[in-house]
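# Fold and contact review
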Amino acid sequence: MKILHILSVLFFLKNSNPFLDYWDDDYDQGKNCDGEEEIEELNEQNKSQDQCVINNIEDPVEAIRKCKHDLAAQLVHVCRETKLTKPGKFLYCKNRGQTSCCFKDHMCASNWTVLERDHPLEAYLFLKDPELVLRKIRKTYGFKTCHQIKGYDATKCAEECEKIKESPLAKECEKKKGLLKCCVRRDKHFCHECRYCCTLPFCSYKNKEGVINHIGESDVMQNVTEKSLKNSELGALQYIDSREIFLKGQDTRCLKPNSDDDPEKWEHYDVDDFPNAVNEVELSKAKTVKFDKRFFNYEDPEVLEQVTGDNYQEALKDIYGFDFVSRIRYDAYNDRHSLIYNCTIDCAKAEQTEFAKECRKEGGLFKCCVCHYNFYVFDETRKQLSKEKLISPYESMCEHEATTGRNCRFCTSSYFCSSWDRNDGSVKTKYKTENFNPVGGLNVKDHGKFKRYPLKASWCIYQNLCYIKELYFDTEEFLLALEQKDVCDALPNGTPRSLRTVENGSLISGHALEI
């Protein structure tokens, strides 16, 4: 307990907000550039495609606001193998009506072990003082209100969203002929008992260039020259289109209140249709997704039981659309065999299926993505909270692997066909199992546009059973490959061109072994 107390003090002393205090350089309307030389340096280093965006919006405040929204997606993309931990420095330059914006000195988590390290502590802090943690969440991400909830009922936040109709934001939205909306966010802070909801009022409108813009309440609290200065951090509004990885992280979707008689079963809005709706007609046509409490929700012990119990294969296939799932034996780390052996054998069999044959017949490239997941952090968090008597007694679901044969480590394989889209030159992806929710996985950039790929295709291992080490493809290159040579090209030393080497949990070149 003493150790946890010390850690809790250290936790609050350190900078708990990776977004505030970054990118807060003044965007002076009388000043053309801030960081012009650094932007040019990024261009010379061929990094501008990943770290910069450009727009031709005339209004300088709207231009910088659009920049921040687009750069948020770029940051998620750059850190796609893990997650963003520091946005870095914000650069901009307006010249001849064109605004260029970039980021540099950003940081991505080095591996998934680092990301999981503080989960038990953060859950502990929430249960000890939920109001304090929720104030920090609200301030960090720019929510209007946040409340602790029991279970999945976010009615309190939905009721608060009804109060925004007479707000200054509503009046400003009316002036811009936009659509006033309120995102009801429901999430958890690393444990099942740590659930909360938040509200995010915002207005979506089209400017005179026809570009969709979003403004929040803080944008109308200062005068026009200060808007971009005070809102240069990245918050929930910049991530309103939910492009982050949900696994072991936040669920950034918006609920549709009253979409079910039971508030615990309210549906989620489509992550593109809802933020992009600029009038009531478009909002009425916005698609919704039925609530599935199993979806990226292993903090719930009932869900953890389902995905690790006797019917784990059926559950994981049904939730994410995996084609094959297998436990990894408890002694797999003895360096005698590959961790992904069962899934690689399955992929070899899949090469001879009708789906694979039809893919090749139509000129596509059949692929089988194998990945390696573990759910130990959810089990360990509950064990520690139970030990501290902050939750009811809990018996581990992941221990005693040697005697029970039950563990929380799996490999998965998923089949899909990649082909060329003649209409726009992008890559089309057809999955053998098509009934799944694509949100919460990786975002890939194809021909300058972001494209969502589901969890089952988000991290793909190079399947060579001669390696005890796991080698991960650069997933974007693998997903966009249209010919076998694009996957198999090797450097003179025999190292596959688009791979990163990872050895039994210790990061060697930037990617993590277990996810």
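This one's a predicted model, so the numbers in the text were calculated from it and none came from an experiment.

As a further point, take the nonpolar core. Membership of the largest hydrophobic core comes to 50 residues, with the highest contact counts inside it found for Y298, Y320, F375 and W459. Counting residues per element, the ones that place at least two in this core are helix 13 (301-308), helix 14 (312-320), helix 15 (341-350), helix 16 (354-361), strand 14 (365-374), helix 17 (376-387) and strand 15 (409-420). Not counting the four nearest positions on each side in its chain, Y320 is found in contact with R294, F295, F296, Y298, F436, L455 and K456. Grouped together as the second largest cluster of nonpolar side chains are 31 residues, Y124, C183, L237 and C254 included.

This brings us to the state of the cysteines. Within the structure shown, the criterion is met by 15 disulfides. Each sulfur of the disulfide joining C67 and C101 lies 2.0 Å from the other. Disulfide C67-C101: torsion about the S-S bond near 80 degrees, hence right-handed. Placement of the pair is C67 in helix 4 (residues 60-78) and C101 in strand 5 (residues 98-104), with a sequence separation of 34 residues. Assessed through its relative accessible area of 0%, C101 is described here as buried. Between the sulfur of C343 and that of C411 lies a disulfide, 2.1 Å long from S to S. Disulfide C343-C411: torsion about the S-S bond near 95 degrees, hence right-handed. Of this pair, C343 sits in helix 15 while C411 sits in strand 15; the two residues are 68 residues apart in sequence, bridging distant segments of the chain. Residue C411 is classed as buried on the basis of its relative accessible area, which comes to 1%. We note that C371 lacks a disulfide partner, and the nearest cysteine sulfur, in C369, lies 6.2 Å from it.

Below, the discussion takes up the pattern of salt bridges. What the rule picks out here adds up to 28 salt bridges. In this structure, E193 and R382 form a salt bridge, with 2.9 Å as the shortest nitrogen-oxygen distance. Separated by 189 residues along the polypeptide, E193 in the loop between strand 8 (179-188) and strand 9 (195-206) and R382 in helix 17 bring together distant segments of the chain. One connected set of salt bridges, linked through shared partners, spans E38, K89 and K104.

Among all residues save glycine, negative phi is the norm, and among peptide bonds the norm is trans. The backbone of D105 sits at a positive phi, close to 60 degrees, despite the residue not being glycine. As for its position among the elements, D105 is in the loop between strand 5 and strand 6 (107-108). Look at D105 and you get partly exposed, because its relative accessible area is 48%. Although it is not a glycine, F296 sits at a positive phi angle of roughly 50 degrees. Within the secondary structure layout, F296 lies in the loop between strand 12 (288-289) and helix 13.

Spatial ordering of the open sheet is given by 1-4-5-2, a layout of four strands whose pairing is antiparallel. The sheet is open, and its two edges are formed by strand 1 (33-34) and strand 2 (52-55), each paired on a single side. Relative to strand 5, strand 2 runs antiparallel, the two sharing four bridges. Bridge pairing in strand 5 links C52 to C102. Packing against the sheet, helix 2 (residues 36-44) makes contact with strand 1, strand 2, strand 4 (89-95) and strand 5, and its axis sits at approximately 95 degrees to strand 4.

Taken as a whole and assessed by the stated rule, the structure comprises six cavities of 30 Å³ or more. Approximately 120 Å³ is the volume attributed to the largest cavity. Residue lining of the largest cavity: 13 residues in total, with R186, K188, R195, D251 and F291 positioned closest to the centre. Counting residues per element, the lining of the largest cavity draws most heavily on strand 8, which supplies three residues. Looking at the second largest cavity, its volume works out to about 60 Å³. For the second largest cavity, the full set of lining residues is L247, Y298, L316, Y320, F322, Y373, F375, F410, T412 and L455. Elements with a contribution of two residues or more to the lining of the second largest cavity: helix 14 and strand 15. Looking at the lining of the second largest cavity residue by residue, the classes come out as nine nonpolar, one polar and no charged.

Rules and cut-offs
Residues numbered from 1 in each chain as written. Predicted model: local features only at pLDDT ≥ 70, side-chain atom pairs only at ≥ 80, totals over all residues. Heavy atoms only, no water. Core = buried A, V, L, I, M, F, W, Y, C linked by side-chain atoms within 4.5 Å. Buried < 20%, exposed > 50% of the residue type's maximum accessible area, 1.4 Å probe, protein only. Helix = DSSP H or I, 4+ residues; strand = E, 2+ residues; numbered from the N terminus. Contact = heavy atoms within 4.5 Å. Disulfide = S-S within 2.5 Å. Salt bridge = Lys/Arg side-chain N within 4 Å of Asp/Glu carboxyl O. Pairing = 2+ DSSP bridges. Axes fitted to C-alpha atoms, helices over the stretch in contact; angles between N-to-C directions. 1 Å grid on protein atoms, 1.4 Å probe; cavity = no way out; pocket = protein on both sides within 12 Å on 5 of 7 lines; lining within 4 Å. Points joined across faces, edges and corners; volume = space filled by probe spheres on them. Nonpolar A, V, L, I, M, F, W, Y, C, P; charged D, E, K, R; others polar.

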